[in-house]
Amino acid sequence: MKKFLNVLVVLLLLQFSQGQRLDAEDTVDFSQDILPLLAENCFACHGFDAEAREADLRLDTLDGATGGDAGGGVVVAGDAGSSELVDRLWSDDPDLVMPPPETGKSLSKTQRDLISKWIDEGASYDSHWAFVAPKRPELPASINAAGSEHPIDRFVQHRLAAIGLDAAPSADPSTLIRRVSLDLIGLPPEPQEVADFVKDWAVDSEKAWERLVDRLLESEHYGERWGRWWLDQARYADSNGYSIDAPRSIWKYRDWVVDALNRDLPFDQFTIEQLAGDLLPNATTSQKVATGFHRNTQINQEGGIDKEQFRIDSVFDRVGTTGTVWLGLTVGCAQCHDHKFDPISQKEFYQLFAFFNNQDEPSIKVYPPGTDLDALTARRDDLKDQMNKRFKDVEKTLQKWEEGLGETQKKDLGGNLTKVLAKEASKRSFDDKAILLTEAPDLLNDNQRKSFQALRDEYADVNRKINDVPTTMVFSERKEPRKTTVYVKGDFTRPSEEVAPGTLSILHEFDGDHDSVNRLDLARWIVEPNNPMTARVVVNRVWQQYFGVGIVATENDFGLVGARPTHPELLDWLAVEWVQSGWSLKKIHRLIVSSHTYQQTSQMLPSMSAALGVDADNRYLWRQNRLRLDAELVRDVALTASGLLSRKKGGPPVYPPIPDGVMGQGQVRRSWSVSKGEDRYRRGLYTFVYRGTPPPSLKVFDAPEGFSSCTRRTRSNTPLQSLTLMNDSAFFEFAENLAQIVEKEGLETAFQRCTSRQPNETELSLLRGLDKLTVARALLNLDETITRE
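Residues numbered from 1 in each chain as written. Predicted model: local features only at pLDDT ≥ 70, side-chain atom pairs only at ≥ 80, totals over all residues. Heavy atoms only, no water.

### Here's the deal with the packing of aromatic side chains
Next, step 1: This model, assessed by the stated rule, comprises 38 aromatic pairs.
Next, step 2: Here tryptophan 230 and phenylalanine 293 contribute two aromatic rings whose centre-to-centre distance is 6.0 Å and whose plane-to-plane angle is 35 degrees, an arrangement assigned as tilted. Highlighted residues: tryptophan 230 in helix H12 (residues 220–233) and phenylalanine 293 in the loop between helix H15 (285–290) and helix H16 (307–327), separated in sequence by 63 residues.
Next, step 3: Ring plane angle 65 degrees and centroid distance 5.6 Å describe the contact between tryptophan 230 and tryptophan 326, whose orientation is recorded as edge-to-face. In this pair, tryptophan 230 is assigned in helix H12 and tryptophan 326 in helix H16, connecting sequence segments 96 residues apart.
Next, step 4: Taking the relative accessible area as the measure of exposure, tryptophan 326 reaches 0% and is therefore buried.
Next, step 5: Arginine 112 extends its terminal NZ or CZ atom over the ring of tryptophan 90, reaching a point 4.2 Å from the ring centre. (Phe/Tyr/Trp six-rings, centres within 6.5 Å; stacked < 30°, edge-to-face > 60°. Helix = DSSP H or I, 4+ residues; strand = E, 2+ residues; numbered from the N terminus. Buried < 20%, exposed > 50% of the residue type's maximum accessible area, 1.4 Å probe, protein only. Lys NZ or Arg CZ within 6 Å of the ring centre and 35° of its normal.)

### Some thoughts on the domain arrangement of the protein
Next, step 1: Here the protein is partitioned into domain 1 (2–126), domain 2 (266–366 + 480–532), domain 3 (373–469) and domain 4 (626–788).
Next, step 2: A separation of 38 Å is found between the C-alpha centroids of domain 2 and domain 4.
Next, step 3: Every contact between the two is made by six residues of domain 2 and, on the other side, five residues of domain 4.
Next, step 4: Applying the counting criterion to the domain 2 and domain 4 interface returns one residue pair in polar contact (both at pLDDT 80 or more). (Domains from an automatic or database assignment. Contact = heavy atoms within 4.5 Å. Polar contact = N/O pair within 3.5 Å; in protein donor to acceptor, adjacent residues only side chain to side chain.)

### Considering a negative patch on the surface
Next, step 1: Taken together, Asp92, Asp93, Asp95 and Glu102 make up a surface patch of like negative charges.
Next, step 2: Following the sequence through the fold, aspartate 95 ends up in the loop between helix H6 (84–90) and helix H7 (109–120).
Next, step 3: A relative accessible area of 52% means that aspartate 95 is categorised as exposed. (Patch = residues over 30% accessible without salt bridge, like charges linked within 9 Å, V, L, I, M, F, W, Y side chains within 5 Å. Areas by Shrake-Rupley, 256 points an atom, 1.4 Å probe, with all protein chains shown as cover. Salt bridge = Lys/Arg side-chain N within 4 Å of Asp/Glu carboxyl O. Lys, Arg positive; Asp, Glu negative; His and termini not counted. Charge placed at Lys NZ, Arg CZ, Asp CG, Glu CD.)

### Notes on the packing of helix H34 (residues 747–755) against helix H35 (residues 761–768)
How two helices sit against one another is set out by the angle between their axes and by the gap between those axes.
Next, step 1: At a closest axis distance of 11 Å, the pairing of H34 and H35 adopts a crossing angle of 115 degrees. Considering the angle they form, H34 stands roughly perpendicular to H35. When you trace H34 past H35, the crossing you get is right-handed. Here H34 contributes Leu747, Glu748 and Phe751 to the contact with H35, which in turn contributes Glu763, Leu764, Leu767 and Arg768. (Axes fitted to C-alpha atoms, helices over the stretch in contact; angles between N-to-C directions. Parallel < 35°, antiparallel > 145°, perpendicular 65-115°, else oblique. Left-handed = near helix turned anticlockwise from the far one by under 90°.)

### Focus: the environment of valine 474
Next, step 1: Topologically, valine 474 is positioned in the loop between strand E3 (471–473) and strand E4 (476–477).
Next, step 2: Look at valine 474 and you get buried, because its relative accessible area is 2%.
Next, step 3: Sequence separation of valine 474 and phenylalanine 293 is 181 residues, and the distance between their C-alpha atoms is 8.3 Å.
Next, step 4: Beyond its immediate sequence surroundings of up to four residues, valine 474 is in contact with Lys288, Val289, Thr291, Arg295, Asp360, Glu361, Pro362 and Ile364.

### Quick notes on helix H10 (residues 191–203)
Next, step 1: Its 13 residues place the ends of H10 19 Å apart at the C-alpha level, agreeing with the 18 Å of an ideal helix rising 1.5 Å per residue.
Next, step 2: Every buried residue belonging to H10 is among Pro191, Val194 and Phe197, and all of these are buried. Projected down its long axis, H10 carries its buried residues within an arc of 125 degrees, all on one side. Of the exposed residues in H10, those oriented more than 90 degrees away from the buried face are Gln192, Lys199 and Val203. (Expected span 1.5 Å × (residues − 1). Arc of directions from axis to C-beta.)

### As for the side chain of arginine 713
Next, step 1: Relative to the elements of secondary structure, arginine 713 occurs in the loop between helix H31 (696–699) and helix H32 (719–727).
Next, step 2: Reaching out from arginine 713, the side chain makes a polar contact with the side chain of aspartate 232 at a distance of 2.7 Å.
Next, step 3: Dropping the residues within four chain positions of it, arginine 713 is found in contact with Arg228, Asp232, Asp630, Ala631, Glu632, Asp702, Ala703 and Pro704.

### What to know about the packing of helix H33 (residues 729–745) against H34
Next, step 1: Contact geometry of H33 with H34 gives a least axis separation of 7 Å together with a crossing angle of 140 degrees. For the element pair H33 / H34, the angle class is oblique. Mapping the contact onto sequence places Leu738, Ile741, Val742 and Glu745 in H33 and Leu747, Thr749, Ala750, Arg753 and Cys754 in H34.
Next, step 2: Grouping the amino acids of the contact of H33 with H34 by side-chain chemistry returns six nonpolar, one polar and two charged. (Nonpolar A, V, L, I, M, F, W, Y, C, P; charged D, E, K, R; others polar.)

### A few points about helix H17 (residues 346–355)
Next, step 1: Burial of H17 is extensive: nine of the 10 residues sit out of reach of the surface.
Next, step 2: For H17, every residue scored as buried is listed here: Gln346, Glu348, Phe349, Tyr350, Gln351, Leu352, Phe353, Ala354 and Phe355.
Next, step 3: Next to the buried residues of H17 lie H16, strand E1 (359–360), strand E5 (485–487) and helix H24 (519–526).

Below, the structure is given as structure tokens:
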């Protein structure tokens, strides 16, 4: 028991050191002040106090702390003086005091008083905020007559007023069109688009903005921009990973994501099709392709491996990724033991594991829309029958002709005919016979030969349509499910208790018959409206894309040790609004970008200096944040500015120029044949990515490699980035083309293509002193060019 309490107090210290609120004057809020300190089963995770574990002494529940009706707990609700926990906190005995002297830690009087006060107030236990389903809060009143009536602005400005700050003014229209274009479609506006918008803005700014946003949301490039956001979470890449890192074919899944977002497929259906599209009634090919989400795991192709071990590793990844992407919880931490902090047991981890343990992992052919495979197959069979009849008709003639040939004559025929004649007649294939009838001289007359050649050509064409099509990796449910057990310490060679599919008990109820439940039931459970996690987690990540950080900063951890929301009421309002609007991502985008909060200037104005002392990190959004563009967008902006961008959509990945020697960095040297024509200038989304050796121009700008789910990209600032923009062969080529624009259309036009604004006289004076290529290289290297203001 002593060690059990030791761990509790160490956790208390950790929370206090991270800025836990300790106002003794306020009523103690259990869910905010105390619950994060009482992490579930912390003693079990470290092997502490078997007695406490067997007694189910859990300090994150009232019964666990007080002992329930039986009593005997370490907390006596309403009486701190009788609580063993408080006795330990105040003890002078080195064998009893919490925390133990050997930890080198101690609690201040204020800290101990806070715990005592909570117990005296009744030791009230509430659920962690994220585990309670959101309810639509009332909109705050407008701050003043000048305040915005937009729902988002009312929440944000109300919070700003509480800390004595004001919202920043709006950015200028040229900045706004560039900002929203980059955010919604990932491409900067053309100079003429900027000019037209500025003119419309001057007439009616609200209508101009609505038209612009509608146009961008309807653009096919919207799906490309936000598809990359989702593919990060899906850990998408074009190779298998591990040391062999062989190429794979799964780009059809990437195209499915782009198309689904462009169609504004409701997010609940978007989720269901990716987790269980193959299990839907009369599942379409598209719905099966969607299950590629969980085929993005790595595949180990090394010799001598235990394939079952790596299959299990893939299932571990799928459980953890599902928990991170949709639930915003570190579910993977319960693989080896009960979660240290969140109420997730190891058994529950393996109940989730059971959903993903019953799949085969095939590849399927993906035919163009409108393809009638049954009709093609029937036609191929009919053609084959006709050709076989021709074979039979000339069988004796062929035999007589062949018997009359000497060995020298057979060799003199050359090519395929010589190879076929070298085989025994009984071992010749269908294709061999077709070669004989087509190429053997004097076997058929001209009309017969032409007729047979027509059959052969049509057969080849139909056969190509059936077989020469792209494949993609999908899920397929097994008819006989595998047995799932808990693995002791996560070791697949140590199975223990058998488990059935199930969900997390801390969340909403799962309604399923354990004899028949599958991934489809799990997917539907994840997107149930009363799920407290999914809507909050996803709208928080969307918000993060627009402001650089989410309302909850720990976007992948809404658990007990995750960050608290800066605007909890706004987060709940957005989550409820999104679900009630039909899970439309486009609607939530339109809602956010139409707010003044989004449209604020990102510049640090002299009038804002006081705000730095109150909220230096701008967590309460008294202005917009400047954001360095994602790696793919850095390329896309340069392509657009230089006039080289190919707007071709979808298809197999492409191979733009990369530095020599890159593909020799892995265990297996891979080829990289630079794409020709417009494929050389495709958007970064379509660049082939090897997990082990990703393109340097993407990696240097912090693109994820696809080893695990990425819910937030880092934004580093290194000299290598500037060197890449200046010297990378692809960017040098972009600069050469931009230099031609400088030559033909002028310096001002080139500057505007990069920044969406006109240069000032100081900038023009500086650039006029440089040669045209240097001007182009400098413009592509500007911080403003690769930053969303």
